[in-house]
Amino acid sequence: AQSVAQPEDQVNVAEGNPLTVKCTYSVSGNPYLFWYVQYPNRGLQFLLKYITGDNLVKGSYGFEAEFNKSQTSFHLKKPSALVSDSALYFCAVRHPFTGGGNKLTFGTGTQLKVEL
Amino acid sequence: NAGVMQNPRHLVRRRGQEARLRCSPMKGHSHVYWYRQLPEEGLKFMVYLQKENIIDESGMPKERFSAEFPKEGPSILRIQQVVRGDSAAYFCASSPRSPMDTDNYGYTFGSGTRLTVV
């Protein structure tokens, strides 16, 4: 079965500093990996995805993520955090071919707090 | 484009009552997915529907829960005889294509319905 782990419930960072939100996955074969962001009282918004190709993928709002197959990780990064980046971030995986099928499996979420 | 519309935003039900959650997908989207977010947990897949068809309901509890997506009108997630453990945020997502194609575009999620059972 596929699973996703976000080991940090909360990440605090000062504005202007780089941020990293961690995600590791457990899926056999080649997974499809996603990051979503949820602002208070809003639905999830798609940030970026990795399906194939370059291990470093760039997404919305200056975010990027690095796929590391040997470490089964897909950490979300941003070089310079903004207060407006404060939100709940979810990592998700979908295995395209074996089981999984239509489902996204989400991590438990990491609350990012960016302070002045 | 109004996006994915879910209503109500908040729903309070007493134990034993029925809860009906509605989801209107984005215009032109014919694929709908329901997810449930329990407190302190990530989103869990419940069901995937296309117009008039349930494609995958492997995440639906076996009893009391049902979903439909009729030819006309919104998708409905129905919970009969609600219990306190049903209290959660229920999210709907839609896409214009099958899951394989949707990977390139991402799902579009609604703002959710927060169900509280008292």
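Now for a description of the structure that goes with this document.

We now examine the overall build of chain B. Secondary structure assignment for chain B yields 1 helix and 11 strands. N-terminal to C-terminal, the α/β element order of chain B is β-β-β-β-β-β-β-β-β-α-β-β. Taken over C-alpha atoms, the radius of gyration comes to 14 Å for chain B, in line with the 13 Å a tight globule of 118 residues would show. Seen along its three principal axes, the alpha-carbon backbone of chain B occupies a region of about 40 × 25 × 25 Å. Put simply, chain B has 118 residues, and 46% of those count as buried. Pairs at least 24 residues apart make up 55% of the contacts formed inside chain B by residues separated by at least 6 positions. Split by element, the accessible area of chain B, about 5900 Å² in all, is 44% carbon and sulfur. The distance from the centre of the 17 positive side-chain charges to the centre of the 12 negative ones in chain B is 8 Å.

Core analysis: the biggest nonpolar cluster contains 28 residues, and Trp35(A), Leu47(A), Leu48(A), Phe74(A), Leu76(A) and Tyr89(A) have the highest contact counts within it. Mapped onto this core, the elements with two or more residues apiece are strand E2 (10–14), strand E3 (19–21), strand E5 (32–38), strand E6 (44–50), strand E8 (64–68), strand E9 (73–78), strand E10 (87–94) and strand E12 (110–115) of chain A. Broken down by element, this core gets its largest block of residues, 4 residues, from E10(A). One finds Leu21(B), Val32(B), Tyr90(B) and Cys92(B) within the second-largest nonpolar core, a separate group that totals 23 residues.

Inspection of the entire model under this criterion finds 13 aromatic pairs over all chains. Both rings, one in Tyr36(A) and one in Phe109(B), keep their centres 5.6 Å apart while their planes meet at 85 degrees; by these two values the pair is edge-to-face. A residue pair is termed interchain when its members come from two chains, as with Tyr36(A) in strand E5 and Phe109(B) in strand E10 (residues 108–109). Comparing Tyr36(A) with Phe109(B), the two get one shared label, buried. Ring-pair connections join several aromatic residues into one group, and the members of that group are Phe34(A), Tyr36(A), Phe46(A), Phe90(A), Phe106(A), Tyr35(B), Phe45(B) and Phe109(B).

Residue and element names in this part refer to chain B. Under the defined criterion, the tally for this structure stands at 7 salt bridges over all chains. A salt bridge links Arg78 to Glu18, with the shortest nitrogen-to-oxygen separation between them at 2.8 Å. With a gap of 60 residues between them, Arg78 in strand E8 (residues 75–79) and Glu18 in the loop between strand E2 (10–13) and strand E3 (19–24) connect regions that are remote in the sequence. By relative accessible area, which is 27% here, Arg78 ends up partly exposed. Classification of Glu18 by relative accessible area gives partly exposed; the value is 30%. If you follow the salt bridges from partner to partner, you end up with Glu18, Arg20 and Arg78 in one network.

It is worth spelling out unusual backbone geometry at this point. For the bond from Asn7(B) to Pro8(B), the omega torsion is -5 degrees, close enough to zero to count as cis. Along the polypeptide, Pro8(B) turns up in the loop between strand E1 (5–7) and E2. Positive phi is not limited to glycine here, since Tyr61(A) has a value of about 60 degrees. Considering the arrangement of structural elements, one finds Tyr61(A) in the loop between strand E7 (56–58) and E8. Although it is not a glycine, Gln81(B) sits at a positive phi angle of roughly 45 degrees. Its location among the elements puts Gln81(B) in the loop between E8 and strand E9 (88–95). Relative accessible area serves as the criterion here: at 53%, Gln81(B) is assigned to the exposed category.

Let us look at the sheet that holds E1(B). Residues and elements named next belong to chain B. Read across the sheet, 4 strands follow the order E1-E3-E8-E7 without closing on themselves; strand pairing throughout is antiparallel. Two strands lie at the open edges of the sheet, namely E1 and strand E7 (65–68), each paired on one side alone. On average, adjacent strands in this sheet sit at an angle of 15 degrees to one another, irrespective of strand direction. Bridge count for E7 against E8 is 4 bridges, and the pairing is antiparallel. Across the sheet, residue Ser66 finds its bridge partner in E8, namely Arg78.

Analysis parameters
- Residues numbered from 1 in each chain as written.
- Chains lettered and ligands numbered in written order.
- Predicted model: local features only at pLDDT ≥ 70, side-chain atom pairs only at ≥ 80, totals over all residues.
- Heavy atoms only, no water.
- Helix = DSSP H or I, 4+ residues; strand = E, 2+ residues; numbered from the N terminus.
- Rg over C-alpha atoms; globule rule 2.2 N^0.38 Å.
- Buried < 20%, exposed > 50% of the residue type's maximum accessible area, 1.4 Å probe, protein only.
- Contact = heavy atoms within 4.5 Å.
- Areas by Shrake-Rupley, 256 points an atom, 1.4 Å probe, with all protein chains shown as cover.
- Lys, Arg positive; Asp, Glu negative; His and termini not counted.
- Charge placed at Lys NZ, Arg CZ, Asp CG, Glu CD.
- Core = buried A, V, L, I, M, F, W, Y, C linked by side-chain atoms within 4.5 Å.
- Phe/Tyr/Trp six-rings, centres within 6.5 Å; stacked < 30°, edge-to-face > 60°.
- Salt bridge = Lys/Arg side-chain N within 4 Å of Asp/Glu carboxyl O.
- Pairing = 2+ DSSP bridges.
- Axes fitted to C-alpha atoms, helices over the stretch in contact; angles between N-to-C directions.

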